[in-house]
Each structure stands twice: as structure tokens, then as C-alpha cells.
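Descriptive analysis of the structure
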Amino acid sequence: MYKNEEYLENFDTIFEDVKFTANSFVRLKILASLYDGPQNMREMTKTTGLSYSSISSNMHDLELKNLLYREQNKYFLTNSARVRIENVLELNGVIRLLNEFFNILDGHIVDMIPNESAAELYLLGKARLMESEGVDAYRTYNFIESSLSNAESVKCIIPFFYEPFFDILSELISKNNDVEILVPENLLDLFLEKSDIKTFIPFEEYNSFLLIVTENVMILGFFLENGNYDQNRLLISKNEESLVWANELFKNFKKKNI
């Protein structure tokens, strides 16, 4: 089951847990403390900075909610509580990600991303937004060229023609590097005419998104709602989870459109 379906399925339970804990700063601190491992009362007063009486009075409510239990003078989170907290943390991570990358999502065409990949967007939690600046208007393009030049293998979806990209890809192909390039079907003739590459794989969608995945980096760019590619912004990441997500995105998009 995909993550977003899990969130929806558990929404009512998660929502009630959030209401119960968020209404008390003490409960939040207790659960956060126990999330890192079981503790006794003395340890909790030290790690939370709360008084013994504050902790004690709230422990009973948390036990009644089946969020923790006591064993040999130590308190443990229940398995269901840990799962629910992890769901909340993951959901919070997605919300944080959307807020952090608002500039590249708002006003951009993002619905071309297959549902399977959109459901696992949380894997991009360690990605960062790169933006071109006035003094370096080609910062994003330069980054892409540098990443391609240093690659041993490349999977990419390139929905527009920019000659320097294809010069580098052509050189990689000539060296028998592992290179797979998806391009829009309606621009295929242009790509064949303007480059030395003859192994393009055409796809049906247009104004999709830019995706480049090497063994070291993931690069993701989007079109604006007016149909123009946004050359000023990229999502980039060298995190392993992001690379896994990007490779799955390439596979899912290819399966859907080829």
C-alpha cells in the first residue's frame, strides 16, 4: 500500500492522537522523550526538564490511551503509539517538504509525475532547492552540465533541446557509458537533427518535467503553468533515498508513456 493511502486510512486515529497530545506540552515532551527509548521517572525528569508531579499526573492519561506502558519501573511506548508517531512524523516531513519547496511547486506543472512516485514524495526530504541568481543566471544549467560530465551512468527525461546537455550525453555514449534518454515524441525529429545521438526513446507527454539521475545526484525541474520551462529552479539531492525515488520515477514515467 502506498504511503498516502496509509495516511488516509489512519487519518482519524492520527488526528485524535494529535489532538490529545498537542493539547498538553507535558504529554508532547513525555512522548518525544520515550520515542528515543524507555526511561524511568528519574530519567524523564532529567531529559524533559519537567517536574516529577507533572510527569506523573500525565502518565496515567497516556497509559489509558494505550500510548505507553510500564515494565520494571521503566516506561515504554506501545507499538501502536510508535507506528502512529512515525506516521505523523512522515506526514509532517511531507508537509515541511512542500512548504520548503513551495517556489518550485506553486505555479508549476507537477501533475505529470506518476501517482506511484507522488505517493513517495517524502523520500525527497533531504533534497534542496537550487535557484539561479542575477549574477549567475545559468547556475542551474551549469550544475546540470557539471553533473553530466562527471557521470558514469545517466537516466534522464529531457523535454526541451539545449545543445550543451546533448553534447555531453553524446560523449558519454561514445565512451560506452550507460545512458538512457527519454524525449518528447513531437520534438524527436529536432533532437535527431540537432545532435549526434540516435538512441533517443520518445514519450507521448509534452511539457512533462526535467529529470536527470546519475549514480551521484538527482536533478528535477518543472514547467511553469504558462508552458515555459522554469530554468531558474531545480530540486537537487545526493541522498540515497532521493536517488532511489528518482530512479523509480524514471521507471514509472517510462512505463506509463512509452
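Residues numbered from 1 in each chain as written. Predicted model: local features only at pLDDT ≥ 70, side-chain atom pairs only at ≥ 80, totals over all residues. Heavy atoms only, no water.

All right, on to the packing of aromatic side chains then. Aromatic rings considered in pairs are described by the distance between their centres and by the relative angle of their planes. For the coordinates displayed, the defined rule picks out 16 aromatic pairs. Ring plane angle 85° and centroid distance 5.8 Å describe the contact between F161 and F191, whose orientation is recorded as edge-to-face. Of the two residues, F161 is situated in the loop between β5 (153-157) and α10 (163-174) and F191 in helix α11 (residues 188-194); the sequence distance between them amounts to 30 residues. Taking the relative accessible area as the measure of exposure, F161 reaches 25% and is therefore partly exposed. The interplanar angle of 80° and the centroid separation of 5.1 Å between the aromatic rings of F203 and F253 together place this pair among those described as edge-to-face. Here F203, found in strand β7 (residues 201-203), pairs with F253, found in helix α12 (residues 240-257); they are 50 residues apart in sequence, far enough to count as distant. Take F203 and F253: they sit in the same class, and that class is buried. An aromatic cluster is defined as three or more aromatic residues linked by ring pairs; in this entry it consists of Y138, Y141, F160, Y162, F165, F223 and Y229. (Phe/Tyr/Trp six-rings, centres within 6.5 Å; stacked < 30°, edge-to-face > 60°. Helix = DSSP H or I, 4+ residues; strand = E, 2+ residues; numbered from the N terminus. Buried < 20%, exposed > 50% of the residue type's maximum accessible area, 1.4 Å probe, protein only.)

Moving on, we come to the environment of Y206. Structurally, Y206 is set in the loop between β7 and β8 (209-214). It is 7.9 Å that separates the C-alpha atoms of Y206 and N186, two residues lying 20 residues apart in sequence. Residue contacts for Y206: discarding those within four places in its chain leaves M112, P159, P184, N186 and L187. (Contact = heavy atoms within 4.5 Å.)

Where helix α4 (residues 41-48) contacts helix α5 (residues 52-64), the axes come no closer than 10 Å and their chain directions differ by 115°. In terms of their interaxial angle, α4 and α5 are classed as roughly perpendicular. For the crossing formed where α4 meets α5, the hand is right-handed. Across the interface between the two elements, M41, M44, T45 and T48 from α4 touch Y52, I55, S56 and M59 from α5. (Axes fitted to C-alpha atoms, helices over the stretch in contact; angles between N-to-C directions. Parallel < 35°, antiparallel > 145°, perpendicular 65-115°, else oblique. Left-handed = near helix turned anticlockwise from the far one by under 90°.)

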